[in-house]
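A look at the structure
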Amino acid sequence: MPDPNDIEIVSRKGPEAAKGAVTPVPDELRTLVERLRGLQSAWVVLAPSCLTSTGQEIVQAGRVARKELATLAGRGGSIDAESFDQLKTRLDWLEHAICTIAFGLPTHQLEATLPSCLRSGRRGLLDLLDILALHAFERPESLASKLGALDYLITLLCTGGDTRGHVAPQDPSLLTPRFQAMCDAAQNECQAELSKIEAEFFAAANVAADLQDEVELRGLRARKAELGRSYFAPSMLRAIVTYNVALGQCVAAEVWDSRDWSSSPTPLPEAPQEPASLFESLALRSIHQAVLHRIAGGPPETTPIGRIAWALDIACLNDEETAMLTGGTIARTELATSIVLIGLVCRSLNVLA
């Protein structure tokens, strides 16, 4: 999706405005530019999780929206209502498409892609939060189907991806100005018994390590879904994030303790290996073959092994030693040949050096 930040807004008045056109104030255009920027930023962090034809449709729609917005901004006061509404409709479609994709993704898929955006793409994560939260806030009756992505994204932004509890979580209600406004609005209309539910999540956070019963976990998830807009109340969000962090630490610790042995942080001792034998070394066998080549009257060789063979003092060998050198092989079972060759090399160390 193209970057909308380079769109220049031009304002015209008077006779330049076309007849029958509306004249939206520059702030309206700037709002559309900012909205398109937020959609583009959110899509950048979500796109790796949606490599589908729908993703391509979103990219194409974003390009068209940017082109239309640039055209409207260039007209200034000469903007017809139909073009203006058409662009707003296109942005609405983009927002709905992004929400549909994000809410439809399994949490484990978001866990595989979103944490990598915390440093370079945190702005995109915050924009994605604003879009998803507003969608859920305006449709509280369907909050249950949106909790997976929303719950994970809020917790991820509050903790910075820390699953071991080394960093104190950020206040979730203060993540963005738009999100804070939603949280404040939810606080004003929250349920009277909210404090009791908050206490349940704080208590569950204190004993998260003991929450191994799937029934108990389902009960707490159902509690979140029943909250409606009260889910966004600042005090309620703090209790939920505290619980999520505690539960995440238990899961991380359990995964660490039960990892595959092949990824254990403590190096496993290597299996003892039988010491290599000099009498079966490839280098000694190669020298032996080169010496036999020389004794047989072959021409000198310029390879390193060949030069070693031609530097050895073969003339010092007696007939018996020569017979053992030429009649055997380099092996543990025929030590005589190996001993003669090693002795020959040792006699010639000064020359070899």
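Residues numbered from 1 in each chain as written. Predicted model: local features only at pLDDT ≥ 70, side-chain atom pairs only at ≥ 80, totals over all residues. Heavy atoms only, no water.

Inspection of every chain in the model, using the stated rule, returns 11 salt bridges. One network of salt bridges, with partners in common, ties together Glu 34, Arg 37, Arg 123 and Asp 127. (Salt bridge = Lys/Arg side-chain N within 4 Å of Asp/Glu carboxyl O.)

The terminal C-alpha atoms of helix α3 (residues 81–104), which comprises 24 residues, lie 34 Å apart, in line with the 34 Å expected from a rise of 1.5 Å per residue. All of the buried residues along α3 are Phe 84, Leu 87, Leu 91, Leu 94, Glu 95, Ala 97, Ile 98, Cys 99, Ile 101, Ala 102 and Phe 103. (Helix = DSSP H or I, 4+ residues; strand = E, 2+ residues; numbered from the N terminus. Expected span 1.5 Å × (residues − 1). Buried < 20%, exposed > 50% of the residue type's maximum accessible area, 1.4 Å probe, protein only.)

Moving on, we get to the confidence of the model for the chain. Here the chain shows a mean pLDDT of 77. Residues at 70 or above account for 74%. Mean pLDDT values over the elements of the chain span from 63, in helix α15 (residues 349–352), up to 93, in helix α5 (residues 122–138). For residues 7–20, every residue scores under 50 in pLDDT, and the model assigns this stretch 29 contacts once sequence neighbours within four places are set aside. A low-confidence stretch, residues 253–265 stays under pLDDT 50, and its non-local contacts, those more than four residues away or across chains, total 6 contacts. (pLDDT = per-residue confidence, 0-100. Contact = heavy atoms within 4.5 Å.)

It is the contact of helix α13 (residues 319–327) with helix α14 (residues 335–347), at a shortest axis distance of 8 Å, that shows an interaxial angle of 115°. Seen along the crossing, α13 lies across α14 with a hand that is left-handed. Packed against α13, whose contacting residues are Glu 321, Met 324 and Leu 325, the element α14 presents Ala 336, Thr 337, Val 340, Leu 341, Leu 344 and Arg 347 at the interface. The residue makeup of the contact of α13 with α14, split by class, is 6 nonpolar, 1 polar and 2 charged. (Axes fitted to C-alpha atoms, helices over the stretch in contact; angles between N-to-C directions. Left-handed = near helix turned anticlockwise from the far one by under 90°. Nonpolar A, V, L, I, M, F, W, Y, C, P; charged D, E, K, R; others polar.)

Here we come to the packing of α5 against helix α6 (residues 147–159). Look at α5 against α6: their axes get within 10 Å of each other, and the N-to-C directions meet at 145°. Read as a crossing pair, α5 and α6 show a hand that is left-handed. The residues of α6 that touch α5, namely those facing Arg 122, Leu 125, Leu 126, Leu 128, Leu 129, Leu 132, Ala 133 and Ala 136, are Leu 150, Leu 153, Ile 154, Leu 156 and Leu 157. Among the residues forming the contact of α5 with α6, the class breakdown is 12 nonpolar, no polar and 1 charged.

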